[in-house]
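Observations on the model geometry
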Amino acid sequence: MATDLRRLSAGLVAVSVLAGAAGPAVASPWTLPRGEIAAVVRFDYESARDEYLDEGGAVPYSLEGRYQAIGFTPDVRLGLLDGLELELWLPFKQVSYTADPVILIPAPAGAEGLDYYQENVIHLSQSQFGPTDLNLALRWQLLGGSEALALEARLKTPTGYDPPQGTFGDRPTSAEAFLADVGRYVAPENVRDDVTLGDAQLDASLRVLGGLSFSTGTFVRLDAGYIGRFGGAADQVTGAVRAGQLLFDRLLPYAGVEADLAVERGRVIGVSVAAEDPELPAADYGGTTNLKLREVRLERDRAVVSFGTIVRLTPEVELNLGHARTVWGRNTAAVAATSVGIGLRTRYLE
């Protein structure tokens, strides 16, 4: 039984070291021993053609819109002391959104010429590349072995990228003010939207991480925590459940679900111009036809289902293949994400 648990423990470290497709590193109550280091490089591909707005299910992006992102994340964990570890990771992303061009403001009488249309075509397609948020986590293991429990303090800080805004910037902050001077705001040079590398604000979170492992090679994880979000963003409660099974001492298939829920109202970051019927072609837009205004707030809900397999290539090197999908949310894309990670675990102190 002890041998089985040691093998499973190595697999559990891999689950927490090789980040899942759903997002940043998956924390673990099984911390690294003193003097050990685990380094991971993960590559992600994300795409979405639908989004979750204020309520209801996912709806298609208007104007044949599509979100895509390619990510690269280096991640390092250090066993500082027995039961105390430090983790640092910094994702890099290429984020893009493509959509058909559209004219939203009809031409005034006598100005229907080619010059007017060339000057008023709205291009919503955008892209950004760069580092996203620097993440630092400290974990203190309270219980180890087959029944593990740990506390985690995590800090996330942006690296200086442009913050999210409304479709045409962060002003005005109400639909009424937007409608009062729509000709001023709806202009090609004002297009901003929310194609961004992150929320551009500081997060500080505290989480409880729990886990059970069995001599059969099975593990079950349950995490819960609170995320304090600064800069006017809505705080969140967060939780996750994960399970997996070690097979043939080399394979560790796993699956889980995680959710983040806003517990308050976030500040308004602009007005979004959405479509009443997102499947309407660009030629049928104009004036107020098919348009609705949304005051976009810096708050977000999401639920993500994920699964994958860890393959042990050598005792020190492992490969993680993962997939995740956002199945519910608010103010978020219905993302499908696939990831490939390669990890190395060794000692830096004897």
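Residues numbered from 1 in each chain as written. Predicted model: local features only at pLDDT ≥ 70, side-chain atom pairs only at ≥ 80, totals over all residues. Heavy atoms only, no water.

1. Some details on the overall build of the protein chain
Check the secondary structure of the protein chain and you find four helices and 19 strands. Per-residue burial over the protein chain gives 47% buried out of 350 residues. For the protein chain, the share of sequence-separated contacts (at least 6 apart) that also reach a separation of at least 24 residues comes to 67%. As displayed, the protein chain has an accessible area near 16,400 Å², and 60% of this comes from carbon and sulfur atoms. (Helix = DSSP H or I, 4+ residues; strand = E, 2+ residues; numbered from the N terminus. Buried < 20%, exposed > 50% of the residue type's maximum accessible area, 1.4 Å probe, protein only. Contact = heavy atoms within 4.5 Å. Areas by Shrake-Rupley, 256 points an atom, 1.4 Å probe, with all protein chains shown as cover.)

2. Some remarks on the side chain of aspartate 301
Mapped onto the elements of the fold, aspartate 301 is located in strand 16 (residues 301-312). Within the structure, aspartate 301 has its side chain in polar contact with the side chain of arginine 330 (distance 2.8 Å). (Polar contact = N/O pair within 3.5 Å; in protein donor to acceptor, adjacent residues only side chain to side chain.)

3. Examining the pairing of strand 16
Summarising the sheet, strand 13 (residues 251-262) and strand 16 pair through 10 bridges and their orientation is antiparallel. Within the sheet, the bridge partner assigned to tyrosine 254 lies in strand 16 and is glycine 308. Counted along the chain from strand 16 to the antiparallel partner strand 17 (residues 317-330), the turn is four residues long. (Pairing = 2+ DSSP bridges.)

4. Points about the nonpolar core
Residues Tyr67, Tyr97, Leu104, Ile122, Leu124, Phe168 and Phe178 are the most contacted members of the largest nonpolar core, which totals 27 residues. When residues of this core are traced back to their parent elements, those giving at least two are strand 4 (66-81), strand 6 (92-98) and strand 14 (268-275). Beyond its immediate stretch of four places on either side in the chain, tyrosine 67 contacts Glu46, Ser47, Ala48, Tyr61, Lys93, Val95, Ser96, Tyr97 and Val335. Counting residues in each nonpolar core, the second largest holds five residues, with Phe219, Leu252, Tyr254 and Ile310 among its members. (Core = buried A, V, L, I, M, F, W, Y, C linked by side-chain atoms within 4.5 Å.)

5. A word on the pattern of salt bridges
Tallying each qualifying case throughout the model produces 24 salt bridges. Across the pair arginine 221 and aspartate 223 runs a salt bridge whose closest N-O atoms are separated by 2.6 Å. Pair check on accessibility: arginine 221 and aspartate 223 agree, each one buried. In the salt-bridge network here, residues are joined through shared partners; they are Arg77, Glu85, Glu87, Arg139, Glu152, Arg154 and Arg207. (Salt bridge = Lys/Arg side-chain N within 4 Å of Asp/Glu carboxyl O.)

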